[in-house]
Amino acid sequence: MPVTGNPEANMSNGTVESNSVPEQENESQVVKPPSEISKNAYVKSLDEYEAMYKRSISDPEGFWKDILADFHFQEKQADDKSFLTYNFDINKGPVSIKWLEGAKTNISYNLLDRNVQKGLGDTIAFYWEGNDPKDESKITYGELLKEVCKFANVLKNLGVKKGDRVAIYMPMIMELPIAMLGCARIGAIHSIVFGGFSADSLADRMIDAQATVLITSDGVWRGEKIIHLKEISDKAIAKCGDSNLDVKHCIVVNHLPRLAVNKVDESTNQSPVKRKQFDYLTPFDETRDKWYHELIEKADDVCPPEWVDAEDPLFMLYTSGSTGKPKGVLHTTAGYMVYAATTFKYVFDYHPGDIYWCTADIGWITGHTYVTYGPLANGATSVIFEGTPFYPTNSRFWDVVDKYKVNQFYTAPTAIRSLMKFGDNFVKQCNRSSLKILGTVGEPINPEAWLWYYNVVGDGRCPIVDTYWQTETGGHVITPLPGATPSKPGSATFPFFGVLPVLLTEEGKEIEGPGEGYLVFKKPWPGMMRSVYGDHDRFEATYFKRFPGYYFTGDGAKRDKDGYIWITGRVDDMLNVSGHLLSTAQVESALIEHKAVAESAAVAMPHKVKGEALYCFVTLRDGFEFSSQLEGELKLKVREKIGAFAAPEVIQLAPALPKTRSGKIMRRILRKIAVGDSNFGDTSTLADESVIDLLLQHRPEAP
Ligand code: PRX
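Residues numbered from 1 in each chain as written. Predicted model: local features only at pLDDT ≥ 70, side-chain atom pairs only at ≥ 80, totals over all residues. Heavy atoms only, no water.

### Quick look at the sheet that holds strand β7 (residues 189–192)
So, point 1. Strand order in the open sheet formed by 8 strands is β12-β11-β8-β6-β7-β14-β15-β23, with mixed pairing between adjacent strands. Each edge of the open sheet is held by one strand with a lone partner, namely β12 (289–291) and β23 (531–532).
So, point 2. Alignment of strand β11 (residues 249–253) against β12, held across 3 bridges, turns out to be parallel. Paired with Cys 250 across the bridge in β12 is Asp 289. (Pairing = 2+ DSSP bridges. Helix = DSSP H or I, 4+ residues; strand = E, 2+ residues; numbered from the N terminus.)

Here it is in structure tokens:
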């Protein structure tokens, strides 16, 4: 049990019940859950958490079977099947994880039909808040069930079957969860690509998944900017064609014209957004493209669910790989469903009647698990938000909190840091008294941002759940429980039920007690990934080879004297820009595609708002000169190949790169140059030490 020491004993240190928390040395700063929250919480104290946690580890079958009673299985496991079978040790055979194999269920049935049967038919499932504050809608569980059935029938009519991959490239609109659940209803595997990815990235993912159906929308407004998703989709489909993937159907949601219908410009009596639309005609291929609304109109609103095996795939979601090629992280049905539901319930302490809002885009894992699946599995009422925190003003988040009386609010450190920059007034002018619990996810949160979130946004009365997890883990794995866990600003605290974290030394030895090492997990939990789509060898090589017998997260962590876990960040060639994981190899291969670039190397540098940003070094081919125009072209290249969020912060000329005698780039040196640290340590393994001076000479003034 990693909860060592007695955290309660520390609570007198800097403990504040419902007031501001001062800045101080963070490891000793403990913030107790407010008694108001603990009193009504599912887990009321650290003792209760510890007892439940211990049971989840010593008797996982008993622990999860109690929870399973809340779910519908069309067929239970046959008696001879084992509840959980797994192998984490590649030396003993293929890595595998099977949970409830042989049982039959359907996630859309559990999230929709079952909730309607329980009497939640008229309960709001989602409030939709558009980019424009006047655009809004809502949908009940009863309506959602019908819409999902209609869309499932649309897919069936197009010939989509169980196991087929369906690509989704959509903005944050109601049709997105409908499309996901429509796929799940018929056993098709959805593969959602975040709407900020470029045409090339979308195509690469569709080709890898061999997806012959794409669901998209004509476009979306992000603040003042319009993004024509259908045009990007068309480019991606053309690229798929070049790789012999015949995309048979592209379903297009007609989203743009219905925007800002209330916002009428009095001089012309027309909505300004609409007026812009009149000049825009969505490109449409009559044989391949279909309007969503036309298909839905004719579809039946009853669709019996396809009963799938507990271990049948539910979805795949691509995440960056350190080789540069994204990996299709594969999640299966029952384990993911139960884990999403259970983490949502306990980590956000969601009670019926609460209004919950997660600001993440559904295109990332946070949106999959904590916008769609987890909340719906709990019959929750949530907000889906299309816009940005800065439009029309920097108060938008808090305006939305007040409008819907949001109780649980979940966002990313990068959003918190970018809002912090604008000062407290944008927050304080909003009421926010509905808020009970605040959450953060995606990257380590610095104590300064944690304290601002706690003291200013939460008025010193809302516990913060700093949830550590990954696309691969399916749901939270290290996290506080809001009514039970005394938190420390910047620490993700303790493991969730069923999760057994271990810190390892370089040699793979387990570190007991306080220390720092590689973060691994010793046992599977129901919601963890099962494979990399189409490449099980890569799954084993990425996560199980470095430390046989353990799942390796790729992160480092330390455990303090009270057993609190602090994530220290990636230990591989990945970086985390605004909560989005990127591999340096992916960026380097984009840069090298420019005709001027002979060689490139990308490293992470700390960034005040984004957490980390990209600092890239480029060596040019003969005949090319470094200029601001070239710099602009290279940044554009990365945007085109990956997406706007990956654009490098700094591009510096590197007449040569620091390499060892065997030709390996010494990134350690480049990271030092990026931050302006001239303490290079041992440079004796460099083939040519003079490279360092050359690089320093070309370092931009204020990168
Ligand atoms: O490095 C960790 C960081 O984000 C990585 C996972 O990224 P992704 O698969 O895109 O999923 C993000 C949303 C779950 C992790 O390996 N990370 C995520 N949450 C935290 C975090 N680092 C520190 N603290 C967190 N709370």
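### So, the side chain of Ser 434
So, point 1. By the secondary structure assignment, Ser 434 is in the loop between α16 (425–428) and β19 (437–441).
So, point 2. A polar atom in the side chain of Ser 434 sits 2.7 Å from the backbone oxygen of Val 406. (Polar contact = N/O pair within 3.5 Å; in protein donor to acceptor, adjacent residues only side chain to side chain.)

### What about the site of the ligand?
So, point 1. The environment of the ligand is made up of 18 residues, and the closest members are Asp 466, Thr 467, Thr 471, Asp 555 and Arg 570.
So, point 2. Separating an oxygen atom of the ligand from a side-chain N or O atom of Asn 576 is a distance of 3.4 Å.
So, point 3. For the ligand, the accessible surface in isolation is 550 Å², of which the surrounding protein chains cover 96%.
So, point 4. Among the secondary structure elements, those contributing two or more residues to the shell around the ligand are α13 (365–377), β20 (464–467) and β25 (565–570).
So, point 5. Along the lines of polarity and charge, the residues of the shell around the ligand split into 7 nonpolar, 6 polar and 5 charged. (Near = heavy atom within 4 Å. Areas by Shrake-Rupley, 256 points an atom, 1.4 Å probe, with all protein chains shown as cover. Nonpolar A, V, L, I, M, F, W, Y, C, P; charged D, E, K, R; others polar.)

### Topic: the packing of aromatic side chains
So, point 1. Tallied over the full model, the rule gives 57 aromatic pairs.
So, point 2. Taking the centre distance of 5.5 Å and the plane angle of 85° together, the rings of Tyr 346 and Phe 497 count as edge-to-face. With a gap of 151 residues between them, Tyr 346 in helix α12 (residues 333–347) and Phe 497 in the loop between β20 and β21 (501–504) connect regions that are remote in the sequence. Per residue, the accessibility class of Tyr 346 equals that of Phe 497, and both read buried.
So, point 3. On the numbers, 5.2 Å between centres and 70° between planes, the contact of Phe 539 with Phe 544 is edge-to-face. The exposure classification of Phe 539 matches that of Phe 544, with both residues buried.
So, point 4. For Arg 546, the ring lying beneath its charged end belongs to Tyr 518, and the centroid distance is 4.9 Å.
So, point 5. Here the guanidinium or amino end of Lys 558 rests over the ring plane of Trp 566, the centre of that ring lying 5.8 Å away. (Phe/Tyr/Trp six-rings, centres within 6.5 Å; stacked < 30°, edge-to-face > 60°. Buried < 20%, exposed > 50% of the residue type's maximum accessible area, 1.4 Å probe, protein only. Lys NZ or Arg CZ within 6 Å of the ring centre and 35° of its normal.)

### Some words on the nonpolar core
So, point 1. Among the nonpolar cores identified, the biggest contains 125 residues, and Phe 151 and Tyr 373 are the most heavily contacted of them.
So, point 2. Examining the composition of this core, we find that 10 residues originate from one element, α12, more than from any other.
So, point 3. Excluding residues within four positions of it along the chain, Tyr 373 makes contact with Ile 107, Leu 111, Met 180, Leu 181, Ala 184, His 190, Leu 314, Phe 315, Tyr 336, Ala 340 and His 368.
So, point 4. Counting residues in each nonpolar core, the second largest holds 50 residues, with Leu 229, Leu 245, Leu 591 and Val 618 among its members. (Core = buried A, V, L, I, M, F, W, Y, C linked by side-chain atoms within 4.5 Å. Contact = heavy atoms within 4.5 Å.)

### A closer look at the sheet that holds strand β16 (residues 355–358)
So, point 1. Reading across the sheet, the 7 strands line up as β5-β4-β17-β16-β18-β19-β20 and stay open at both edges, with mixed pairing between neighbours. Looking at which strands have only one partner, the edges of the open sheet turn out to be β5 (136–140) and β20. Neighbour to neighbour, the strand axes of the sheet diverge by 20° on average, direction disregarded.
So, point 2. Across the sheet, helix α14 (residues 396–404) lies against β4 (124–129), β5, β16, β17 (381–385) and β18 (408–411), angled at about 145° from β4, the strand it touches most. (Axes fitted to C-alpha atoms, helices over the stretch in contact; angles between N-to-C directions.)

### Re the domain arrangement of the protein chain
A common measure of how large an interface is: the accessible area buried when the components associate.
So, point 1. Partitioning the protein chain into domains gives domain 1 (48–496 + 504–557) and domain 2 (581–698).
So, point 2. Summarising the inter-unit geometry, the C-alpha centres of domain 1 and domain 2 are found 33 Å apart.
So, point 3. The partner domain 2 presents 16 residues to the 19 residues of domain 1 that form the contact.
So, point 4. Both sides together, the interface formed by domain 1 and domain 2 hides about 1,200 Å², and carbon and sulfur atoms give 47% of it.
So, point 5. A per-residue breakdown of the area domain 1 buries against domain 2 is headed by Asp 200, Ser 320 and Arg 417, which together make up 31% of the total.
So, point 6. Put simply, domain 1 and domain 2 have 1 salt bridge between them.
So, point 7. Across the pair Asp 200 and Lys 641 runs a salt bridge, and its minimum N-O distance is 3.0 Å.
So, point 8. On the surface where domain 1 and domain 2 come into contact, there are 12 residue pairs in polar contact (both at pLDDT 80 or more).
So, point 9. Counting only elements with at least two residues in the side of domain 1 that touches domain 2, the list comes to α8 (199–209) and α15 (413–420).
So, point 10. For the side of domain 1 that touches domain 2, a count of residues per class yields 3 nonpolar, 11 polar and 5 charged. (Domains from an automatic or database assignment. Buried area = accessible area lost by both parts, 1.4 Å probe. Salt bridge = Lys/Arg side-chain N within 4 Å of Asp/Glu carboxyl O.)

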